[in-house]
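Structural overview for review
Okay, here's what each chain looks like letter by letter:
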Amino acid sequence: MSSLRTPCLCGKNFMQNDISEIIFTESQIQKRVKELAHEISDDYKGKQVTMVSVLKGATIFLADLMKNLSIPLSIDFMAVSSYKNTESSGIVRMIMDLRESPENKNLLIIEDIIDTGLTMHYLCENLKTRRPKSLKICSLLYKPARKIKEIKIDYLGFEVPDKFVVGYGMDYNEIYRNLPYIGILKPDVYRRK
Ligand code: IMP
Ligand code: MG
């Protein structure tokens with residue numbers, strides 16, 4: 001995709017105008033995040049967890065989730081990329097590795113969305129070789145329609161339809177991350193003109 005339309009920056013509601021439908025409101029997301037946090041706190045009782053957040057899309061989810069966890073935890077970050085515009089390239093690249101060694105730690109990967117599963121598959125294979133004590137996955141969203149790799153998601157927020165979604169940390173060309181809700185991006189924003 002070469003001749004992409006950049007988001008229209010005119011008018012203060014420009015981001016909202018590019019959304020065709022809000023699929024999860026701010027309060028629906030907050031309610032679900034609290035439920036996930038309770039479940040995780042129960043499961044990890046008596047243990048310390050290292051939350052491995054995948055930059056950049058999962059940062060808002062991580063922040064809201066950790067505020068609601070009652071267990072001792074540390075956070076670390078990885079950055080990978082498999083996306084080119086709205087289509088997965090199929091090739092996952094490590095852009096930034098963890099700061100601390102994951103060896104002998106209870107790792108909980110925090111991801112914004114699992115789409116084809118290629119990114120999560122790559123992350124799990126990579127982390128497993130570094131001998132963590134345990135490894136689990138928490139993803140806010142899952143798009144089952146586009147599955148290539150089967151992923152066992154231990155904690156899932158919501159399933160989503162086969163549409164490109166933005167907001168609550170998720171972007172299109174780095175824009176829309178600061179929308180407090182999750183919405184479907186109008187296809188004319190990313191279609192060739
Ligand atoms: P996968 O490797 O195809 O599972 O893609 C995973 C990554 O692609 C996610 O972590 C997101 O960063 C990005 N992604 C996939 N679908 C969407 C979407 O609908 N909106 C925004 N980002 C997405
Ligand atoms: Mg992501």
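Residues numbered from 1 in each chain as written. Chains lettered and ligands numbered in written order. Predicted model: local features only at pLDDT ≥ 70, side-chain atom pairs only at ≥ 80, totals over all residues. Heavy atoms only, no water.

Some words on the site of ligand 1
Around ligand 1, a shell composed of 17 residues is seen, among which Asp115, Thr116, Thr119, Lys143 and Val165 lie nearest. Between an oxygen atom of ligand 1 and a side-chain N or O atom of Thr116, the distance comes to 2.5 Å. In the complex, the protein chains occlude 91% of the 490 Å² of accessible area that ligand 1 would expose alone. If one sorts the elements of the shell around ligand 1 by residue count, strand 5 (residues 106–114) sits on top with 4 residues. Taken together, the residues of the shell around ligand 1 sort by class into 6 nonpolar, 5 polar and 6 charged. (Near = heavy atom within 4 Å. Polar contact = N/O pair within 3.5 Å; in protein donor to acceptor, adjacent residues only side chain to side chain. Areas by Shrake-Rupley, 256 points an atom, 1.4 Å probe, with all protein chains shown as cover. Helix = DSSP H or I, 4+ residues; strand = E, 2+ residues; numbered from the N terminus. Nonpolar A, V, L, I, M, F, W, Y, C, P; charged D, E, K, R; others polar.)

So, the packing of helix 2 (residues 26–43) against helix 3 (residues 59–67)
Interhelical geometry of helix 2 versus helix 3 gives an angle of 60 degrees and a closest axis separation of 8 Å. The orientation of helix 2 with respect to helix 3, classified from their angle, is oblique. For helix 2 against helix 3, the interelement crossing comes out right-handed. On helix 3, the residues that touch Gln30, Val33, Leu36, Ala37 and Ile40 of helix 2 are Phe61, Asp64 and Leu65. (Axes fitted to C-alpha atoms, helices over the stretch in contact; angles between N-to-C directions. Parallel < 35°, antiparallel > 145°, perpendicular 65-115°, else oblique. Left-handed = near helix turned anticlockwise from the far one by under 90°. Contact = heavy atoms within 4.5 Å.)

Observations regarding the side chain of Asp76
Along the chain, Asp76 turns up in strand 3 (residues 73–84). Buried charge Asp76 goes without a salt bridge, the closest partner of opposite sign being Lys105 at 6.0 Å. With residues up to four places along the chain from it excluded, the contact list for Asp76 reads Met51, Val52, Ser53, Leu98, Arg99 and Glu100. (Buried < 20%, exposed > 50% of the residue type's maximum accessible area, 1.4 Å probe, protein only. Lys, Arg positive; Asp, Glu negative; His and termini not counted. Salt bridge = Lys/Arg side-chain N within 4 Å of Asp/Glu carboxyl O.)

Quick look at the sheet that holds strand 8 (residues 165–166)
Strand order in the open sheet formed by 3 strands is 1-9-8, and the pairing between neighbours is antiparallel. For this open sheet the edge positions go to strand 1 (19–24) and strand 8, each flanked by a neighbour on one side alone. Bridging between strand 1 and strand 9 (residues 182–185) involves 4 bridges; their strand directions are antiparallel. Within strand 9, the position partnered with Glu21 by the bridge is Ile184. (Pairing = 2+ DSSP bridges.)

Structural notes on unusual backbone geometry
Lys56 follows Leu55 through a cis peptide bond whose omega is -5 degrees. If you trace the backbone, Lys56 turns up in the loop between strand 2 (49–55) and helix 3. Positive phi outside glycine occurs at Asn173, with the angle close to 50 degrees. Structurally, Asn173 is set in the loop between strand 8 and strand 9.

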